Amino acid sequence: MAVYTDVAADELAEFLARYDIGELLSYKGIAEGVENSNFLLHTTAGSFFLTLYEKRVAKSDLPFFLGLMAHLASRGIVCPQPVKMRNGETLSALAGRPAAIIDFIEGVWPRKPNAGQCAAVGQALAKLHLAGHDFSMSRVNALSVSGWRPLFELASGRADSVQPGLRDLIACELDYLESGVWPKSLPQGVIHADLFPDNVLFLGEALSGLIDFTFACNDTLAYDVAICLNAWCFEPDHSFNVTKARAFLSAYGRERKLSEAEEQALPLLARGSALRFLLTRLVDWLNVPPGALVKPKDPLEYARKLRFHQRVATMRDYGVAASGLVA
């Protein structure tokens, strides 16, 4: 979450008049994240999130995101629900941006995830994949392999200003992943595609909700597993935590067992995941809009993760044997 577009109080009050959520008491921008402008609202009816969609989010994709949250909730996945306006619609406009209000889920995201929380995320991700199998809408992943070269072209000229040699690291990896090695026949479905710790809420050790579905799409299910492996199973010193990975993968497998082909592809999918977030973080790092309330995330974190996965040979390196049993 972030704030790129400021909203005046009178403009917000006029916007909220379209809803039946009480009178506005206070609101504040949220600086975490990098994609959209987000505000926490407090009204006489409770707390809500207001999102102004911008940057990589196309207006035509918003019905998919909002519809998916409603579908997943109907299947028992705890996630925010779009708040309907008085006219029954969930999507409007504010400050020249598409905008929606979603309800507030209690909880905090874990700054230092433990193995138990990694297991909870593994279970929740598998349930999300199963719950999304009959969602009628679809959305192509614009940030899959075909979308990485354009990102590289945006950042390549200045990549070495972030770290010497970074341009060559990315170029070589991109050439490899575009060479035909990327899996094309693994199980597909709805994926979250951005299930980082700041998008998972906990009350104590209990997972209380999954949030921020603005990258959700249809893609390889095991690619979503690889994204979480990168997001949850490394330590602040960038070392890979096998205990967390074992907890995450084992919990996922108890709900939805990975096929042999998915297991074999996981190291490659993890490399692709690392490259994808390295590229988007690098572009954001080099292009922070003046005056934006946003904290760009360090792209070098994912350069280190990419180098780790380049050395991985099998599932055993992640703490789980190919059979799905603990190694």
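Every value quoted in this text rests on a predicted model; they were computed, and no experiment measured them.

K.L.:
Explain the pattern of salt bridges to me, please; I cannot follow it from the model alone.
P.N.:
Any two side chains of opposite charge can pair, given that their charged atoms come close. Enumeration according to the criterion identifies 10 salt bridges in this entry. The shortest N-O distance in the salt bridge between arginine 139 and aspartate 61 comes to 3.0 Å. One end of the pair, arginine 139, is in the loop between helix 3 (115-131) and helix 4 (145-155); the other, aspartate 61, is in the loop between strand 3 (46-52) and helix 2 (62-74), with 78 residues separating them in the sequence. Take arginine 139 and aspartate 61: they sit in the same class, and that class is buried. Bridged by salt links that share partners, the residues Arg149, Asp175 and Glu178 form one connected network.

K.L.:
How should I be thinking about the packing of aromatic side chains in this particular structure?
P.N.:
The description of an aromatic ring pair uses the distance of the two centres, along with the angle that the planes make with each other. As enumerated under the stated definition, the model contains 14 aromatic pairs in all. On the basis of an interplanar angle of 80° and a centroid distance of 5.8 Å, the ring pair of tryptophan 182 and tyrosine 223 is categorised as edge-to-face. On the criterion of sequence distance, the pair formed by tryptophan 182 in the loop between helix 6 (166-181) and strand 6 (188-191) and tyrosine 223 in helix 7 (residues 221-232) is long-range, its members being 41 residues apart. Of the two residues, tryptophan 182 and tyrosine 223, both sit in the buried class. For the pair phenylalanine 240 and tyrosine 318, a centre-to-centre distance of 5.6 Å together with 55° between the ring planes defines the contact as tilted. On the criterion of sequence distance, the pair formed by phenylalanine 240 in the loop between helix 7 and helix 8 (242-255) and tyrosine 318 in the segment after helix 10 (300-310) is long-range, its members being 78 residues apart. Overall, the relative accessible area of 14% leaves phenylalanine 240 in the buried class. For tyrosine 318, a relative accessible area of 0% puts it in the buried group. Taking the ring centre of phenylalanine 215 as reference, the NZ or CZ of arginine 276 above it sits at 4.9 Å. It is arginine 276 that lies over the ring of phenylalanine 277; its NZ or CZ is 3.8 Å from the centre.

Analysis parameters
- Residues numbered from 1 in each chain as written.
- Predicted model: local features only at pLDDT ≥ 70, side-chain atom pairs only at ≥ 80, totals over all residues.
- Heavy atoms only, no water.
- Salt bridge = Lys/Arg side-chain N within 4 Å of Asp/Glu carboxyl O.
- Helix = DSSP H or I, 4+ residues; strand = E, 2+ residues; numbered from the N terminus.
- Buried < 20%, exposed > 50% of the residue type's maximum accessible area, 1.4 Å probe, protein only.
- Phe/Tyr/Trp six-rings, centres within 6.5 Å; stacked < 30°, edge-to-face > 60°.
- Lys NZ or Arg CZ within 6 Å of the ring centre and 35° of its normal.

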